[in-house]
Each structure stands twice: as C-alpha cells, then as structure tokens.
Amino acid sequence: MKSVLIGVGQAGGKVTAALSDFDARNGFGAVVGSLAVNSARSDLQSLPFDTVLIGGAEVNGHGVGGDNELGTRVMQNDLQEVMGAIDGRTTAEAEAIFVVAGLGGGTGSGGAPLLVRELSEIYDIPVYGLGVLPGRDEGSLYQVNAGRSLKTLLREADATLLVDNDAWRSSGESLESGYEAINERIAQRVGLLLAAGEATQGVGESVVDSSEVINTLRGGGVATLGFASADASSDAAANVNVVTSTTRRAVRSGMSLPETTSAERGLLVVAGRPDAISRKGVERARSWLETEIETMEVRGGDFPTRDDRLAALVLLGGVAHSDRLEGFLERARQAAREEKEREDAADDAAGLTDDRIDGLL
C-alpha cells in the first residue's frame, strides 16, 4: 500500500525515519513520501528527509515542553505551512496517509489529531493514525496527554494503529536504546504490511494488495499489528504447522497492542518463498484466527519474498477488547484525576494569599 508518512513530534519523527529507512533498505517502494513536523528544532536536525518547524513565534524552536494544549495551538497556527509541505508529497500514486506520533508528548499528542482532521477534509484516500502509547514509567503528564489525544485521534482518523511502548521493551535496556529497538520493531511490522503486494518476489497463490489492508481497517477505531517468524522447510507440505504456530505466536506474544481478545476484522499475511508457503497452513491459521478474535471476517493472503523464513503478519481492525488498552485508559483517568486535585489545591493555596486574609492574620 503506497503511503505518505508524516511524523509529528519527536517520537513521530523517529518512527517515520525508521519506517522510511526499512522501506528503502528492502527496496519495497511502499513509502512514497516522508515529512517530519515538530516544534523543537533540535529533534528535526538529524532526520534524513524534509522537515517543518512549527511554533516559531510561540516557542522559538525549543518545543512545547509536554504542553498538549500548546501543541495543538502551534499546529493550528502553522497548519497552512504544514499542509503545503504535505501537498507536494501526496501524489496520485498515494493510497493512504499515516500520521505518526508519540501520544504522550506535547507536540505529537496535541498536533497529530488536528492534522489528521485537516488531511481527512482535503484528501479522498484514508488517513490513518499510528500512535505510540507511553509506558507505565513515563510519568502522569504523558498518561494524561495520551488519554486526551487518543480520544480525539480515534474520532478523526479512519483507523488508529496503536503501539504500546511496554509491549516490546526488554528488561535492562536503557530508555534510549529501548526506544530505538521499539522503533525498529514498528518499522519491520508496519513496513512489511505496507509492502505486502507492492514488491513481490515470485508469484503467490493469493497475494495481498492494498484493498485488503484498507478493508480490514474500515470502520475506524483501534487497530493492532502482530508479527512472528520461523525457519521454513523447503517442502510446503511440511510447513503447515510452521504457518499455524507462527500465526499463534504473532497474536499471543507479538501484537503491538497485547492482550487483544476480540476485533471486528482481521487480515493474515504469510510472507516467505512461494514454494514454501503452505495453503493448507494459511487456511488453518485463518480459521484459528476467526475463532480467536471472535469474528467471521478474516482475510488471508501471501507476500512472496526470497526469505528462507516464514513470517506471519496479523492485522486486527476494530479492536473490541484489549486488557492492555483498558489498563492504559485507567492509568490515564487516574492521572487526570490527580492532575485535577493538584490544580484545585493550587487554587486553594492562591486563595490563602488574598490580602484581606493576610491582614486578618
């Protein structure tokens, strides 16, 4: 699915860079344009594609400091400049636009939903959100920002693919190296999904194309993407169990939003050498997926490659239940309650400094 990527904020720019690099490195040609938008000049300087600095008048290139409302305001004020930069990249071959953002920071959480809304009003192709949820240890401000941003993004985007930072972070990793590893995992999974059907190596029996992805994501809401791979036998008949077990691992331990137990639609893409992909295995895995996510609408297809490993990509659209998402939303609500209590306490303290009260004391 030929796509334009727009990274908003620090995390959005880095994920967009990782995705663009993955696509170029593998020669897929699915990414047809990339752009980064940020209010912090330093975060844009290392990115290997065009960028737009917003909020120059308000924050002078220093970022919004996690202020979600300020992030929205600086995007609104410079929206025409951003749209002008996007217009040059969204050519007739583009089939979708992905707005990529970390939902905990100020620029990404505040600016991404506004940009999605504007893009949706102008372009006839789907506009998707790719949102990264903050980890449990990233502080209450990030939880509140992400909760607010997600609510708006789900309303504005054609679908929102979520990535839980905690899902793929390994124990013992530093924060910076952990984020880099997560970005690479996002790039591999989303990059393969976009490339499926675009740059095939050989002829598959039922090759996935962009319409399969779009149909799986239709109806909006939350989406999640899983991935797993394993060594393949040279004999397709021997790979029945490889395909089914890999699909199960993709769902049980490889999802970008773990603990998803039901969804409205699913797409299973099995990638590998055409002569190694077992059609019987694909059908068994597809049938298992229908039961697992409680839906009768699961598409299945091939992504022919030259790789000696078989990989299963599982896209779930219209996620109906995820324990992990429910846990995040509860953290966001709790953080919002605590923020309100702090604001009320500050207002009370300000009241105690009233001159008339001071005089009485």
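Residues numbered from 1 in each chain as written. Predicted model: local features only at pLDDT ≥ 70, side-chain atom pairs only at ≥ 80, totals over all residues. Heavy atoms only, no water.

### Observations concerning the pairing of strand β1 (residues 3-8)
The buried count for β1 comes to 6 of 6 residues, which makes it a mostly enclosed element. Here β1 shows a buried face lined by S3, L5 and G7 and a second buried face lined by V4, I6 and V8. Here 6 bridges tie β1 to strand β2 (residues 31-38), and the two strands are oriented parallel to one another. Across the sheet, the residue bridging to L5 is S34, located in β2. Once you follow β1 into helix α1 (residues 9-26) and on to β2, the crossover reads as right-handed. As defined by bridge partners, β1 adjoins strand β4 (residues 96-102) across 6 bridges and the pair is classed as parallel. Of the residues in β4, the one forming a bridge with S3 is A96. (Buried < 20%, exposed > 50% of the residue type's maximum accessible area, 1.4 Å probe, protein only. Helix = DSSP H or I, 4+ residues; strand = E, 2+ residues; numbered from the N terminus. Pairing = 2+ DSSP bridges. Right-handed = clockwise from strand over helix to strand, strands pointing away.)

### Some points on the sheet that holds β4
The mixed open sheet is built from 10 strands, whose spatial order is β3-β2-β1-β4-β5-β6-β7-β10-β8-β9. A single partner strand is all that each edge strand has here, and the edge strands are β3 (51-53) and β9 (298-304). Going from strand to strand, the sheet's axes swing by 25° on average, the running direction of each strand aside. Pairing between β2 and β3: 3 bridges, direction parallel. When the bridges of β3 are listed, A36 appears paired with T51. Strands in contact with α1 are β1, β2, β4 and β5 (127-133); relative to β1, the strand with the most contacts, it is inclined by about 150°. (Axes fitted to C-alpha atoms, helices over the stretch in contact; angles between N-to-C directions. Contact = heavy atoms within 4.5 Å.)

### Examining the side chain of R273
Topologically, R273 is positioned in the loop between β8 (260-272) and α12 (279-292). Within the structure, R273 has its side chain in polar contact with the side chain of D308 (distance 3.1 Å). Residues contacting R273, with those up to four places away along its chain left out, are S233, S234, T305, R306, D307 and D308. (Polar contact = N/O pair within 3.5 Å; in protein donor to acceptor, adjacent residues only side chain to side chain.)

### With respect to the pattern of salt bridges
Taken as a whole and assessed by the stated rule, the structure comprises 20 salt bridges. Notably, a salt bridge pairs R25 with D21, separated by 2.3 Å at the nearest N-O pair. Taken together, the residues span about one helical turn, with R25 and D21 both in helix α1 at a distance of 4 residues. The class of R25 is exposed, set by a relative accessible area of 51%. The partly exposed category is assigned to D21, whose relative accessible area is 39%. Between E330 and R337 there is a salt bridge, with its nearest N and O atoms 3.1 Å apart. Bridged by salt links that share partners, the residues R279, E283, R286, E290 and D302 form one connected network. (Salt bridge = Lys/Arg side-chain N within 4 Å of Asp/Glu carboxyl O.)

### Quick word on the packing of aromatic side chains
Counted under the stated rule, the structure contains 3 aromatic pairs. Ring geometry for F28 versus F303: centroids 5.9 Å apart, planes at 55°, classification tilted. Remark: F303 occurs in strand β9 and F28 occurs in the loop between α1 and β2; sequence separation between them is 275 residues. Each of the two residues, F28 as well as F303, counts as buried. For the pair F98 and Y128, a centre-to-centre distance of 5.2 Å together with 50° between the ring planes defines the contact as tilted. Here Y128 lies in strand β5 and F98 lies in strand β4, a separation of 30 residues in the sequence. Accessibility assignment for this pair places F98 and Y128 in one class, buried. Taken together, the ring pairs connect F22, F28 and F303 into an aromatic cluster. (Phe/Tyr/Trp six-rings, centres within 6.5 Å; stacked < 30°, edge-to-face > 60°.)

### A word on the confidence of the model for the chain
Per-residue confidence for the chain gives a mean pLDDT of 89; residues scoring 70 or more make up 91%. Mean pLDDT across the elements of the chain ranges from a minimum in helix α14 (residues 355-360), with 37, to a maximum in β1, with 98. Segment residues 354-361 is flagged for pLDDT under 50; beyond a separation of four residues in sequence, or across chains, it makes 4 contacts in the model. (pLDDT = per-residue confidence, 0-100.)

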